[in-house]
Amino acid sequence: MSSKRHSILPPAPSGPKPPVHFSSSITIADSAVLTGTHSIAIHGESVVHPRARLDSLAGRITVGRRCVVHERATLGAVGVSGRVAESGAAVTLADYVTVEVGAAVEAGDTVIGEGTVVGVGAKVGAGAVIGKHCTLTPHTEIAAGEVLPDYTVVYSNGMRRTDKRGMAELKNKGLARQIDVLRRIIPSNPGKFA
Amino acid sequence: MAVLTPYTFIQCPCSDSSTLGRPSDPNSSTITEADEDERTFDPRAPRSNFSLYPLEYLLYCEDCHQIRCPRCVSEEIVTYYCPNCLFEVPSSNLKSEGNRCTRSCFQCPICIGPLAVTSIETRPDPSLLAAPDNTAAPHSGPYALTCSYCNWSSTEIGIQFEKPNSIHAQLAKLRNGGSTRLTAKERKERRKDPAYRRYQATSSGEGESDQTENLDLETQFANLKAFYQNQLADPNSADTGLAALGDLGFSSPTSLSRIMSIYTGGSLQDRKAKSRLGAMREALKPDEGLQFAHLDESAAIETLRGEGHDGTASITQLVDQPPNLGEEHLHGRSRFISELRPIPYLLRTKRSKRCPVCRHIISKPEAKVQTTRFRIRLVAGSYIPSIAIRPLSLSATAGGGGSSASGATLPGALLEPLKPAHFLLTFKNPIFETIKVTLGAPAETPGRFASKVTVLCPVFEVDANTDVWDEALREGGATGGAGSGGGGEKGERRRGRYDEGSQANNGNQLEVGKIWERGRNWVSIVVEVVPASLRLDQGDAPLREDEDVLEIPLFVHVEWEGEAGGDDVLESVAAKDKGGEAREKRELAYWCVLGLGRIRK
Ligand SMILES: [Zn+2]
Ligand SMILES: [Zn+2]
Ligand SMILES: [Zn+2]
Ligand SMILES: [Zn+2]
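Only a predicted model underlies this, so the values are computations on that prediction, with no experimental measurement involved. (Residues numbered from 1 in each chain as written. Chains lettered and ligands numbered in written order. Predicted model: local features only at pLDDT ≥ 70, side-chain atom pairs only at ≥ 80, totals over all residues. Heavy atoms only, no water.)

Trainee: Can you lay out helix H1 (residues 168-185) of chain A for me, pointing to particular residues and giving the numbers?
Mentor: All names here are of chain A. The terminal C-alpha atoms of H1 lie 26 Å apart, and with 18 residues this matches the ideal 26 Å at 1.5 Å per residue to within 8%. Where H1 is concerned, the buried positions are Ala168, Asn172, Leu175, Ala176, Ile179 and Leu182. Buried positions in H1, seen along its axis, are confined to an arc of 125° and lie on one side of it. More than 90 degrees from the buried face of H1, the exposed residues found are Arg184 and Ile185. In this structure, the buried side of H1 is in contact with strand S5 (47-48), strand S8 (68-69) and strand S11 (98-99). (Helix = DSSP H or I, 4+ residues; strand = E, 2+ residues; numbered from the N terminus. Expected span 1.5 Å × (residues − 1). Buried < 20%, exposed > 50% of the residue type's maximum accessible area, 1.4 Å probe, protein only. Arc of directions from axis to C-beta. Contact = heavy atoms within 4.5 Å.)

This is the structure:
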């Protein structure tokens, strides 16, 4: 579940070690947790924070280019529905996706579109398809199987509106700059997961 | 179910109509005792909701020696300030500019989050090393208000600003959609402009062209007012034949000037002499304040078709909207999100509180907005004893046999129906005098489910809240001179403290009239309750919300000797000089409610 806590100590690798496909330009913290049996692919310039958890037990996990997965965020947790990936892809993050601190993206053909921000403590149910440049404000819950159109903002206990600022480009640039900083701050150790 | 922690609420005596507005007079001591005894306070009565407060909410008037709750204080505003920029607004500005922040503080019309001023201009890509000239001015207009929570932007309603500061003034000149509107001052100046007058003269000949102009509320009012003022001033106002009605007619100048003087504060009074009998004509042009109703709503319907329900503003959003004098006339208005405007922050106040009876200030905050301190704050907690409730477990000491075992051991545990439970009430004395406490509780709690209540020790004294070191020194004296009457008594009363260590051995028996435990300025007593059974018979109304909470009303009467009349240091010095002559008896009586816990269903 989203509130799962890990010990402060670097956790001992629990469960099977998944096969990984890392781009050479990614940043992944030593204390990130990668478990599961299916493959985990992380593409160019993405950043995985310490204690982020990627679980490929239910299927393949793909993280696009220039994504940021924050601390204690969980990708691929098996949700209450117990649904597993039918196509073999548990969670797919497109490019420029931010998964904030403590957010959870459940496994089961869940897709998050380009430039979308999954806010702090938010939960995306299994099989949900989030469009491009959406904003899920903190603690938003997206039900399993829901489909969000592009530029949707989900706020204030599930209210929806459309982002008409046309700032998508600007946001992507901002994220790129943030990644530049993060790469300098977070010591990367992709070799540990290979 | 949420765990219920025991609580104490105090009923402010102001809710009792017999004591309202009467300063408590220390000489007339037997005031309400008699009628209070007859009437048990019912914490479940609908009225009680409005008179019960936790101790922390209550203030105390030192002159009236009475509790003051938020309901029975009179408030005075010390400072008006904006909660966003913490700017203090002088009260003179308030009259002219209204009760909202007139700087750049706005709330999102969609989600009421704070709005930030951001530059809309796409900044040059930092990855491009070129364009060094742009680095000089990284932020350049136009600017928009944006919400970082719901991603709303003022560009959605077609509003952007040239400058990043004084947004309020800029916004006043902008209509939704970006078209500018004239402020009242500018309109006045425009009228004086000869070029505009010439334009008006020519266009009025064509007639129709001007009537398409939409007047906003402020403009329409100003136009109408100017028109009628002209009419009143003009001795040759057209006589349209309604003169027969004379002064009583709706169109008669006299009645109109009377109405106008009500609204405009009598500025028209002097013109009354000039006015004549005879009706005036009505406004015929937008310039005179004539505004046609837009009865054709097809555009609104079309938008509704396109945007659907999501495009309309919710009631909360509409209610949060500030009054907008630049708004279109009622008929031109619809209820779409695109018509919402940023909400300037409502100003907040800092208030001082006065006792309504003696007018003394009992709470006064620092006038400066940034400080949260108070200059004066007489909280009730430093005048009346606090009551802490703790469930008492007798299982360890009940081995003797006589006393019954208690069910509730853990705080928040459910109370077993019809099984005696014990609670420890600890009275802590905050004042520097010894207080005598007398408790009164009904034998059965009021309400549908009557639980039995027994206060085992209803009369006791709590020692003064003396200095801890003072105390230690006097301890030594008391044991030394145990033979003398006063010292012996003191020693006796304090013995509980020394017995604490051995309590586990000899066991604290539940004895009527005996204090359970006492300390420097506190006393613990035991209350025994037998919770009622919540079983409902056939046909009984179902259990209401929180009806399973065991609440007992408790009447607290506190008596002490204080310095006569005074509350400040000078007085106390005087009292010492006179050798205790100036001491007088004080008392305070009030109901409180002890919430002990939930009864098992
Ligand atoms: Zn009151
Ligand atoms: Zn302000
Ligand atoms: Zn907003
Ligand atoms: Zn008073």
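Trainee: Which residues make up the coordination of the zinc ion (ligand 2), and what values go with them?
Mentor: Residue and element names in this part refer to chain B. Each protein donor to the zinc ion (ligand 2) is listed here as Cys82 (SG), Cys85 (SG), Cys101 (SG) and Cys105 (SG); together their distances run 2.2 to 2.3 Å. Every donor counted, the four donor atoms about the zinc ion (ligand 2) form angles of 103 to 119° at the centre, which fits tetrahedral coordination. Each donor residue of the zinc ion (ligand 2) lies on one chain, and together they are spaced C-x2-C-x15-C-x3-C. You can call cysteine 101 buried: its relative accessible area is 2%. (Donors = N, O, S within 2.8 Å, 3.2 Å for Na, K, Ca; no water. Tetrahedral: all angles 85-135°; square planar, octahedral: opposite > 155°, others 65-115°.)

Trainee: Before we move on, can you summarise the sheet that holds S11 of chain A with the specific residues and values?
Mentor: Residue and element names in this part refer to chain A. Reading across from one edge, S2-S5-S8-S11-S14-S17-S20-S21 is the order of the eight strands in this open sheet, with mixed pairing throughout. In this open sheet, the two edge strands, each paired with only one partner strand, are strand S2 (27-28) and strand S21 (159-162). Of the strand pairs in this sheet, S2 and S5 are connected by two bridges, and their pairing is parallel. Each residue of the ladder has a partner; that of isoleucine 28, found in S5, is valine 48. (Pairing = 2+ DSSP bridges.)

Trainee: Could you give an account of the pairing of strand S21 (residues 549-563) of chain B, naming the residues involved and the relevant values?
Mentor: Residue and element names in this part refer to chain B. Among the 15 residues that make up S21, 13 are buried, leaving the element largely enclosed by the rest of the structure. Pairing analysis gives six bridges linking strand S16 (residues 435-440) to S21, with the strands arranged antiparallel. Bridging across to S21, threonine 438 finds its partner in histidine 557.

Trainee: Outline the coordination of the zinc ion (ligand 3), supporting the account with residue identities and numerical values.
Mentor: Residue and element names in this part refer to chain B. Summarising the metal site, the zinc ion (ligand 3) is bound by the protein donors Cys108 (SG), Cys111 (SG), Cys147 (SG) and Cys150 (SG), whose distances to it range over 2.2 to 2.3 Å. Coordination at the zinc ion (ligand 3) is tetrahedral, judged from the four donor atoms that bind it and the angles of 102 to 118° they form at the metal. Here the donor residues of the zinc ion (ligand 3) share one chain and are spaced in sequence as C-x2-C-x35-C-x2-C. For the pair cysteine 108 and cysteine 111, one class covers both residues: buried.

Trainee: Any details on the pattern of salt bridges? Residues and values, ideally.
Mentor: This model, assessed by the stated rule, comprises 23 salt bridges over all chains. For aspartate 95 of chain A, the salt bridge is made with arginine 65 of chain A, and the minimal N-O distance between the two is 2.8 Å. In this pair, aspartate 95 of chain A is assigned in the loop between strand S10 (89-93) and S11 and arginine 65 of chain A in the loop between strand S7 (60-63) and S8, connecting sequence segments 30 residues apart. A salt bridge links glutamate 584 of chain B to arginine 586 of chain B, with the nearest nitrogen and oxygen atoms 2.8 Å apart. A residue is classified by how much of its surface remains accessible, and glutamate 584 of chain B, at 25% relative accessible area, is partly exposed. Among the residues examined, arginine 586 of chain B registers a relative accessible area of 5% and is labelled buried. A single network of salt bridges, built from pairs that share partners, joins Asp546, Asp548, Arg598 and Lys601 of chain B. (Salt bridge = Lys/Arg side-chain N within 4 Å of Asp/Glu carboxyl O.)

Trainee: Let's hear about the packing of aromatic side chains: which residues, and what values?
Mentor: Applying the stated criterion across every chain, the model contains eight aromatic pairs over all chains. Ring plane angle 70° and centroid distance 6.4 Å describe the contact between phenylalanine 22 of chain A and phenylalanine 193 of chain A, whose orientation is recorded as edge-to-face. Remark: phenylalanine 193 of chain A occurs in the segment after H1 and phenylalanine 22 of chain A occurs in strand S1 (residues 20-22); sequence separation between them is 171 residues. Its relative accessible area of 23% is what places phenylalanine 22 of chain A among the partly exposed residues. For phenylalanine 193 of chain A, a relative accessible area of 7% translates into the label buried. Ring geometry for phenylalanine 427 of chain B against phenylalanine 460 of chain B: centres 5.2 Å apart, planes inclined by 65°, an arrangement best described as edge-to-face. Residue phenylalanine 427 of chain B is located in strand S15 (residues 421-428), and its partner phenylalanine 460 of chain B is located in strand S18 (residues 459-462); the two are separated by 33 residues in the primary sequence. A relative accessible area of 3% places phenylalanine 460 of chain B in the buried class. Here the aromatic cluster, defined as three or more aromatic residues joined through ring pairs, consists of Phe41, Phe555 and Trp591 of chain B. For arginine 103 of chain B, the ring lying beneath its charged end belongs to phenylalanine 87 of chain B, and the centroid distance is 3.9 Å. Sitting above the plane of the phenylalanine 374 of chain B ring, arginine 377 of chain B keeps its charged end 4.3 Å from the centroid. (Phe/Tyr/Trp six-rings, centres within 6.5 Å; stacked < 30°, edge-to-face > 60°. Lys NZ or Arg CZ within 6 Å of the ring centre and 35° of its normal.)

Trainee: Could you give me a rundown of helix H7 (residues 217-233) of chain B, with the residues and numbers involved?
Mentor: For H7 of chain B, which comprises 17 residues, the first-to-last C-alpha distance of 24 Å matches the rise-based estimate of 24 Å (1.5 Å per residue) to within 8%. Within H7 of chain B the residues assigned to the buried category are Thr219, Gln220, Asn223, Phe227, Tyr228, Gln231 and Leu232 of chain B.

Trainee: Give a description of the interface of chain A and chain B that names residues and reports values.
Mentor: Contacts between chain A and chain B engage 14 residues on the former and twelve residues on the latter. Between chain A and chain B lies a buried interface of about 1,200 Å² when both sides are counted; carbon and sulfur atoms form 54% of it. It is Tyr155, Arg161 and Arg165 of chain A that lose the most area in chain A upon contact with chain B, and together they represent 43% of the buried surface on that side. The tally of links between chain A and chain B comes to one salt bridge. In this structure, the connection of chain A to chain B is made through six residue pairs in polar contact (both at pLDDT 80 or more). (Buried area = accessible area lost by both parts, 1.4 Å probe. Polar contact = N/O pair within 3.5 Å; in protein donor to acceptor, adjacent residues only side chain to side chain.)

Trainee: A description of the side chain of threonine 8 of chain B should follow, citing residues and the corresponding values.
Mentor: Residues and elements named next belong to chain B. Along the polypeptide, threonine 8 turns up in strand S1 (residues 7-11). Within the structure, threonine 8 has its side chain in polar contact with the backbone oxygen of isoleucine 387 (distance 3.1 Å). Apart from residues no more than four positions distant in its own chain, threonine 8 is found in contact with Tyr53, Pro54, Ile387, Ile389, Cys592, Val593 and Leu594.

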